[in-house]
Amino acid sequence: EDVMKRVWWYRNAVVAGAALALAGCVTHKAPVEQVSVVPDGPRPIVCSPAAAGSQLIGAWLSNTRPRGAAGTFRGLIVLGADGSMAYDTQLQIGKRIRPGLRETGCWQLADGVITLQTIKSNGEPVDMGDPIYQNRYRVEKAEPARLTLRELRSNGQSVTARRVPSGYRLPF
């Protein structure tokens, strides 16, 4: 029995010694410098300036009754000389005005077709690959005070807008 106690004591001493020896071998690594890698974000989109003197530059307000809608749809399109565009919409049903969209982006006119490319919708970046954010219209008539467009899709609706003063805002 006495021999067994000594063997256990000796064994525990060897294990403790080995543990201390191993602990001494452990090296503390120098802290690794953390480097934050930020992936390149989307490149800023630069709009192409409109042709000098384009009659389309300005603010245009349309009031339409879209097929299948119970109310009046208001659209305010602001086309900048620098190729920028802002597009605000509202739907009014009776006396109630529903919140609309506020989109910003670029516009261009080529071969009688105006393309509105949304970059941000309600302040948030959009998926540029999603076709819903690109609207194309045939310019049917461009006069100093009136603009008539037709959607480029089957059974596309005609939209007539009147020029409004710069800085005009939709109500509400």
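Residues numbered from 1 in each chain as written. Predicted model: local features only at pLDDT ≥ 70, side-chain atom pairs only at ≥ 80, totals over all residues. Heavy atoms only, no water.

Enquirer: Requested: an account of the pairing of strand S3 (residues 84-93), with residues and values cited.
Expert: Regular strands show a simple pattern: their side chains alternate between the two faces of the sheet. Alignment of strand S2 (residues 72-79) against S3, held across 8 bridges, turns out to be antiparallel. Looking at the pairing, Phe73 lines up with Leu91 of S3. Taking the residues between adjacent antiparallel strands as the criterion, S2 and S3 are bridged by 4 residues, where Gly83 takes a positive phi near 90 degrees. Relative to strand S5 (residues 102-110), S3 runs antiparallel, the two being bridged by 5 bridges. (Pairing = 2+ DSSP bridges. Helix = DSSP H or I, 4+ residues; strand = E, 2+ residues; numbered from the N terminus.)

Enquirer: Give a detailed account of the state of the cysteines, specifying residues and quantitative values.
Expert: Going through the model one piece at a time under the given rule, you end up with 1 disulfide. Each sulfur in the disulfide pair Cys47 and Cys106 lies 1.9 Å from the other. Judged by the sign of its S-S torsion, about -75 degrees, the cystine formed by Cys47 and Cys106 is left-handed. With Cys47 in the loop between helix H1 (2-25) and strand S1 (58-64) and Cys106 in strand S5, the pair connects residues that are 59 residues apart, well separated along the chain. In this structure Cys106 comes out as buried when scored by relative accessible area, which is 11%. (Disulfide = S-S within 2.5 Å. Buried < 20%, exposed > 50% of the residue type's maximum accessible area, 1.4 Å probe, protein only.)

Enquirer: Which residues make up the nonpolar core, and what values do they have?
Expert: Counting residues in hydrophobic clusters, the biggest one holds 13 residues, and the most contacted among them are Leu56, Leu79, Met85, Trp107, Ile114 and Leu116. When contributions to this core are tallied by element, the ones reaching two or more residues are S2, S3, strand S6 (113-121) and strand S9 (146-151). Each residue touching Leu116, except ones within four places of it in the same chain, is listed here: Ile77, Leu79, Met85, Cys106, Trp107, Tyr133, Gln134, Asn135 and Tyr137. Ala59, Leu61, Val164 and Leu170 belong to the second-largest nonpolar core, a separate cluster that totals 5 residues. (Core = buried A, V, L, I, M, F, W, Y, C linked by side-chain atoms within 4.5 Å. Contact = heavy atoms within 4.5 Å.)

Enquirer: Summarise the pattern of salt bridges; cite the residues concerned and give the values.
Expert: Counted according to the given criterion, the structure contains 3 salt bridges. Here Arg153 and Glu151 are joined by a salt bridge, their closest N and O atoms 2.9 Å apart. The exposure class assigned to Arg153 is exposed, which follows from its relative accessible area of 57%. (Salt bridge = Lys/Arg side-chain N within 4 Å of Asp/Glu carboxyl O.)

Enquirer: Hey, could you go over the layout of surface pockets for me, with residue numbers and the actual values?
Expert: Where empty space is left can be seen by rolling a probe of water-molecule size over the atoms. Within this model, the largest pocket holds a volume of roughly 650 Å³. Residue lining of the largest pocket: 24 residues in total, with Tyr87, Asn135, Tyr137, Glu151 and Arg153 positioned closest to the centre. Mapped by element, the contributors of at least two residues to the lining of the largest pocket are S1, S2, S3, strand S8 (134-142), S9 and strand S10 (158-164). Of all the elements, S8 adds the most residues to the lining of the largest pocket, at 4 residues. By residue class, the composition of the lining of the largest pocket is 12 nonpolar, 8 polar and 4 charged. (1 Å grid on protein atoms, 1.4 Å probe; cavity = no way out; pocket = protein on both sides within 12 Å on 5 of 7 lines; lining within 4 Å. Points joined across faces, edges and corners; volume = space filled by probe spheres on them. Nonpolar A, V, L, I, M, F, W, Y, C, P; charged D, E, K, R; others polar.)

Enquirer: Tell me about the environment of Cys106, and name the residues and values.
Expert: Sequence separation between Cys106 and Leu116 is 10 residues, and the spatial gap between their C-alpha atoms is 6.0 Å. Setting aside chain neighbours within four positions, we find Cys106 in contact with Ile45, Val46, Cys47, Gly83, Ser84, Met85, Thr115, Leu116, Gln117 and Ile119.

Enquirer: Before we move on, can you summarise empty space enclosed by the protein with the specific residues and values?
Expert: This structure, assessed with the given rule, holds 1 cavity of 30 Å³ or more. Counted as a void, the largest cavity has a volume near 40 Å³. For the largest cavity, the full set of lining residues is Trp60, Ile77, Leu79, Ile114, Leu116, Tyr137, Leu147 and Leu149. Split by residue class, the lining of the largest cavity holds 8 nonpolar, no polar and no charged.

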